[in-house]
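Spelled out, the chains give:
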Amino acid sequence: MDKLLVTGPCQLNGSVEISSAKNATLPILAATILFPFPVKFVGIPDLMDVGTILKLLQSMGIKVTKNDGDVVVDATKLDNQHADYLLVKTMRASVLVLGPLLARYGVASVSLPGGCAIGARPVDIHLTGLEKMGAQIEIENGYIKAKCDKLKGAVVTFPFPSVGATENIMMAAVLAEGTTVIENAAMEPEIDDLAHFLMSQGVKIEGAGTSRITIHGMKESELKPNPKSYRVIGDRIEAATFIIAGIMSGGEVKVTGLNPDHLKFVIETLTKMGANIEVGRDFVQVKKSNRLKGTTIETLPFPGFPTDVQAQMMALMSIVDGNSIVTETIFENRFMHVPEMIRMGSKITLKGNSALIEGVEHLSGAPVMCTDLRASAALILCALIAHGQTEIQRVYHLDRGYEKIDEKLTKLGGKIQRVKG
Ligand code: EPZ
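Since we're looking at a predicted model, the values are computed, not measured. (Residues numbered from 1 in each chain as written. Predicted model: local features only at pLDDT ≥ 70, side-chain atom pairs only at ≥ 80, totals over all residues. Heavy atoms only, no water.)

Trainee: Describe the overall build of the protein, naming the residues involved and giving the relevant values.
Mentor: When helices and strands are tallied, the protein shows 14 helices and 24 strands. Whereas a compact globule of 421 residues would reach a radius of gyration of roughly 22 Å, the protein reaches 21 Å, a difference of no more than 12%. On the principal axes, the C-alpha backbone points of the protein span a range of 65 × 45 × 40 Å. Counting over 421 residues, the protein shows a buried share of 57%. (Helix = DSSP H or I, 4+ residues; strand = E, 2+ residues; numbered from the N terminus. Rg over C-alpha atoms; globule rule 2.2 N^0.38 Å. Buried < 20%, exposed > 50% of the residue type's maximum accessible area, 1.4 Å probe, protein only.)

Structure, rendered in structure tokens:
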């Protein structure tokens, strides 16, 4: 297992281009199952999770050709509708093939994703929505066995604006008979990008990015190939990670390739803490500022504060003036970075789903371990500004969702060495 040796403190300066969003790329690649013709993409990020979903598509007989970020997915013919446990257990988002498989073939057997480090993460909202559209679903030996004659459009009201469930129902609705309305839909930018991709292939959708999405079902023969390649939106979570890295290091970092509207609340929060941030059309410029002061945040569905930036915020809060409080309302176990950060000198007290962070002068290098994707990012941020060397183990968590983050940070002035393990 690779590890990273990071020497701090360092100051980051320069410009970094953000990769395409992991959490938009995964549902969009799953959606190619719907189309009986090749679909072309540019700028697909080189991430472990992307590799996993492409392997999953290929395991069903789908043809994938890759040339760096240029990817063509040809789902003209599938020879099975099975998503195996061995692939699904490494990446929960594999459950997103369920909706498109049912919509096109009326049958699917998809391994239950199982829990992951940050929580149980059931898929009951996905399954209830598909049943509302006429799917019969059984759970057998850890697999979701689903079938239907033909999915029917329905009004599907979510108890919680689940990102994955919104994506699964949207994709299922594309080839359902009639119109589907999703109420209390998730509004994350990645949902909007999935809708944008589907519409680029001729699908009629209204309301994406709002809490009420209408999808007009079509026949497979009505879907038309789009000669243009599709480029997924910039990764707002990666962007937030670099913005916070720039602020923590006291340098001047320009983060490009994103839509800053996707980070409004994060930018507002950082500015309120005293960060000096200039926002452009497709970039965010971090400038030098005085020492920041603590604040209070609560993670919420979009447009609230994103749970995927919670750990990185706690890294920043560890070294600002005064106290901060973080409340995690989306996942039940998303504080696993805390014990590792405490080893580096953070002063954090946990109480239920809240954390009290008391700002300290500086952190100190220490051996630490990654536990999940965003926790790993927080540890890198701490290591960049800690005094001394930090050894970060199990960086495969990081490689799942950040494209060449060590190279990008090194270009900005970070002292990071990857030790192949
Ligand atoms: C997506 O996960 C993202 N993953 C997550 O990013 C992100 O943290 C999350 O949305 C929230 O924004 C991808 O897009 C691949 P949810 P997802 O369904 O779809 C509960 C990262 O770091 N729930 O909105 O799984 C669930 O347990 C990852 O990039 C049910 O109870 O998120 C959780 O507590 C981590 N039943 C909450 O809802 C369901 O059927 C949010 O889940 C579905 C979800």
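There is more to say after this.
Trainee: Describe the pattern of salt bridges, with residues and values.
Mentor: Going through the model one piece at a time under the given rule, you end up with 19 salt bridges. With its nearest N and O atoms 3.9 Å apart, the salt bridge here joins Glu361 to Arg291. You can see Glu361 sitting in the loop between strand E21 (354-358) and strand E22 (367-369) and its partner Arg291 sitting in the loop between strand E17 (283-287) and strand E18 (296-298), a full 70 residues away along the chain. For Glu361, a relative accessible area of 62% puts it in the exposed group. Close ionic contact of Asp406 with Arg418 constitutes a salt bridge, the shortest N to O distance being 2.8 Å. On the criterion of sequence distance, the pair formed by Asp406 in helix H14 (residues 405-411) and Arg418 in strand E24 (residues 415-419) is long-range, its members being 12 residues apart. Beyond isolated ion pairs, a larger network of salt bridges with shared partners links Asp2, Asp399, Asp406, Arg418 and Lys420. (Salt bridge = Lys/Arg side-chain N within 4 Å of Asp/Glu carboxyl O.)

Trainee: Please provide a residue-by-residue account of the site of the ligand, values included.
Mentor: Around the ligand, 22 residues are found, and the nearest of them are Asp124, Ile125, Ser162, Asp308 and Ile330. Taking Pro122, its main chain carries an N or O atom lying 3.4 Å from a nitrogen atom of the ligand. The contact in question runs from an oxygen atom of the ligand to an N or O atom on the backbone of Val163, over 2.9 Å. Out of a free accessible area of 830 Å², the ligand has 86% covered by protein chains. Within the residue set of the shell around the ligand, elements represented by two or more residues are helix H1 (22-31), helix H5 (124-132), helix H6 (163-174) and helix H12 (373-385). At three residues, the largest contribution of residues to the shell around the ligand is made by H5. The residue makeup of the shell around the ligand, split by class, is 10 nonpolar, five polar and seven charged. (Near = heavy atom within 4 Å. Polar contact = N/O pair within 3.5 Å; in protein donor to acceptor, adjacent residues only side chain to side chain. Areas by Shrake-Rupley, 256 points an atom, 1.4 Å probe, with all protein chains shown as cover. Nonpolar A, V, L, I, M, F, W, Y, C, P; charged D, E, K, R; others polar.)

Trainee: Explain the sheet that holds E22 to me, and be specific about the residues and the numbers.
Mentor: Across the sheet, which stays open at both edges, the four strands sit in the order E22-E23-E1-E24 with mixed pairing between neighbours. Each edge of the open sheet is held by one strand with a lone partner, namely E22 and E24. Taken pair by pair, the neighbouring strands of this sheet meet at an average axis angle of 20°, ignoring direction. With five bridges joining them, strand E1 (residues 3-8) and strand E23 (residues 388-393) adopt antiparallel strand pairing. Among the inter-strand pairings, Leu4 is bridged to a residue of E23, identified as Ile392. (Pairing = 2+ DSSP bridges. Axes fitted to C-alpha atoms, helices over the stretch in contact; angles between N-to-C directions.)

Trainee: Account for the sheet that holds strand E3 (residues 38-42), naming residues and giving values.
Mentor: Spatially, the four strands line up as an open sheet ordered E4-E5-E3-E14, and their pairing is mixed. Only two strands of the sheet have a single neighbouring strand rather than two, namely strand E4 (63-67) and strand E14 (230-231). With five bridges connecting them, E4 and strand E5 (residues 70-74) associate as antiparallel partners. Paired with Asn67 across the two strands is Asp70, which belongs to E5.

Trainee: So what's going on with the packing of aromatic side chains? Which residues, and what values?
Mentor: Two numbers describe a pair of aromatic rings. These are the distance of the centres and the angle of the planes. Counted by the stated rule, this structure contains five aromatic pairs. Between Phe35 and Phe197, the ring centres sit 6.0 Å apart and the planes meet at 85°, which makes this aromatic pair edge-to-face. Note that Phe35 is positioned in the loop between H1 and E3 and Phe197 in helix H7 (residues 189-200), a separation of 162 residues in sequence. Measuring from ring centre to ring centre gives 5.3 Å for Phe197 and Tyr230, while their planes differ by 70°; the resulting arrangement is edge-to-face. Here Phe197 is found in helix H7, whereas its partner Tyr230 is found in strand E14, with 33 residues between them in sequence. Of the two residues, Phe197 and Tyr230, neither departs from the other in class, the shared state being buried. Among the aromatic residues, ring-to-ring pairing joins Phe35, Phe37, Phe41, Phe197 and Tyr230 into one connected group. Just above the ring of Phe283 sits the side chain of Lys254; from NZ or CZ to the centre is 4.3 Å. (Phe/Tyr/Trp six-rings, centres within 6.5 Å; stacked < 30°, edge-to-face > 60°. Lys NZ or Arg CZ within 6 Å of the ring centre and 35° of its normal.)

Trainee: Please set out the packing of helix H4 (residues 98-105) against H6 residue by residue, giving values where relevant.
Mentor: Between H4 and H6, the shortest axis-to-axis distance is 7 Å and the interhelical angle comes to 15°. Taken together, the axes of H4 and H6 are roughly parallel relative to one another. Here H4 runs over H6; the crossing is right-handed. Each of Leu98, Gly99, Pro100 and Ala103 in H4 lies in contact with H6, whose residues at this interface are Asn168, Met171 and Ala172. In terms of residue class, the contact of H4 with H6 is made up of five nonpolar, two polar and no charged. (Parallel < 35°, antiparallel > 145°, perpendicular 65-115°, else oblique. Left-handed = near helix turned anticlockwise from the far one by under 90°. Contact = heavy atoms within 4.5 Å.)

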